[in-house]
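Descriptive structure summary
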Amino acid sequence: MTRTLVTGGTGFLGRHLVEHLLARGESTLRVLTTGPAPRWLEALGAEVVQGSITEPEVATRAVAGVETIYHLAGRVSRSPDDARLMHAIHVDGTRHLCEAAKAARVRRIVLVSTSGTLAVTETGLRIPDESHAAPLELIGRWPYYASKYYQEETAARACEGGPELVTVNPSLLLGPGDDRLSSTQDVLRFLKEEIPVVPSGGMNFVDARDVAPALVAAMERGRPGEKYLLGGPNWTCAEFFGRLARITKVPGPRLKLPDRLTLLGARVMDSLYRHFDRVPPVDYTSVEMATYFWYLDDGRARRELSFTTRDPGETLLDTVSYLRRHLLESDAFSDPPAELPA
């Protein structure tokens, strides 16, 4: 019997989770992939089901015989052009999965969402925890976060009466292994000196290697119906880029402008690049988001899941080392897509 299903198991966080589960002795693991299994997954010996979570018959096939599900499948993008696709994956796909899981009598689902459905403010004066009301007037501006909010709502409704649902909300994922630049593209842009202005907002980040065991803890002892924010340091963007500059010896951005001028410049640049069918070095949505504060309080996860994080300097150093070795030296992403973390 296959006891555990992981959707999105070949992504940045998904790979860390799969490797963690197998390392701790999970011998009956199934991974849902949208394409052929990568070599590393084949080498680990996990069972693979191929198909898209947006297809109900695939969801039914994937959950057959499983007891627990880690649902990580998603699309991470800042582009408004991807709004429909993200809704199909995050909302429709999650509904298909939860309905199939209920029919198959799955015991528990751990849904991986994002801290951005709860923890974003205009000033940073309040540090949100899980009791914070969803800031719909803010996240409604960004299709990724809007679709993740509706994913959480859809899962909660679909899982009423079983399976048990536990939601985890990690902040910006950093660390080694992000080959698709789903989370680390802004660090890559920093290394390429493509960030001209110091953003006025603040951020939170967490190592994907620390989130993976927290997902297992959520599966084992997370309270059904609850959410758990997972994060690291709350830093201003200026402090974040300053730390990167000291680690990398790359000069960080120094120019500081009023937000209205920064946003105006970003909009003009974005329009010009897209007029000529080119990807701008920094897209308007990224600049706008960087004027807000993505701080969070993860006290609940630390108390109830024994969540711990490594030194943030280690995370930054390992992120930079991986990007330099695997992407910059090979020039694999000379023009990275406009995407962001899950």
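Here is what the cut-offs are and how they apply
Residues numbered from 1 in each chain as written. Predicted model: local features only at pLDDT ≥ 70, side-chain atom pairs only at ≥ 80, totals over all residues. Heavy atoms only, no water. Helix = DSSP H or I, 4+ residues; strand = E, 2+ residues; numbered from the N terminus. Polar contact = N/O pair within 3.5 Å; in protein donor to acceptor, adjacent residues only side chain to side chain. Contact = heavy atoms within 4.5 Å. Pairing = 2+ DSSP bridges. Core = buried A, V, L, I, M, F, W, Y, C linked by side-chain atoms within 4.5 Å. Buried < 20%, exposed > 50% of the residue type's maximum accessible area, 1.4 Å probe, protein only. Phe/Tyr/Trp six-rings, centres within 6.5 Å; stacked < 30°, edge-to-face > 60°. Lys NZ or Arg CZ within 6 Å of the ring centre and 35° of its normal.

**Things to note about the side chain of T121**
By the element assignment, T121 lies in the loop between β5 (108–112) and α5 (136–139). A polar contact of 3.0 Å, which involves the side chain of T121, links it to the backbone nitrogen of G124. Aside from chain neighbours lying at most four places away, what touches T121 is R126, P128, H132, L138, Y292 and F293.

**Some words on the pairing of strand β3 (residues 47–50)**
Alignment of strand β2 (residues 29–33) against β3, held across 4 bridges, turns out to be parallel. Directly across from T33, in β3, lies its bridge partner Q50.

**Digging into the nonpolar core**
Core analysis: the largest hydrophobic core is formed by 33 residues, its most contacted members being V6, L13, L17, Y70, L72, V168 and L215. Elements with a minimum of two residues in this core: α1 (12–23), β2, α2 (39–44), β5, β6 (164–170), α8 (208–221) and β9 (227–230). When residues in this core are grouped by element, the largest group, 8 residues, is from α8. Not counting chain neighbours up to four residues away, the residues in contact with L13 comprise L72, V112, L173, A208, V211, A212 and L215. In this structure, L5, A62, I89 and C98 belong to the second largest nonpolar core, which totals 22 residues.

**What about the environment of V106?**
If you trace the backbone, V106 turns up in the loop between α4 (83–103) and β5. Classification of V106 by relative accessible area gives buried; the value is 5%. Along the primary structure V106 and A64 are separated by 42 residues, whereas in three dimensions their C-alpha atoms are 8.8 Å apart. The contacts of V106, once residues within four sequence positions are left out, are V63, V66, E67, T68, I69, A101 and P163.

**Description of the packing of aromatic side chains**
For the coordinates displayed, the defined rule picks out 11 aromatic pairs. Considering the side-chain rings of Y149 and Y150, the 5.1 Å spacing of their centres and the 75° angle between planes classify their relative orientation as edge-to-face. Measuring from ring centre to ring centre gives 5.5 Å for F293 and Y295, while their planes differ by 70°; the resulting arrangement is edge-to-face. Each member of the pair F293 and Y295 is classed as buried. Put simply, the rings of W142, Y144, Y145, Y292 and W294 pair up and form one aromatic cluster. In this structure, R267 packs its charged tip against the face of Y284, placed 4.1 Å from the ring centre.

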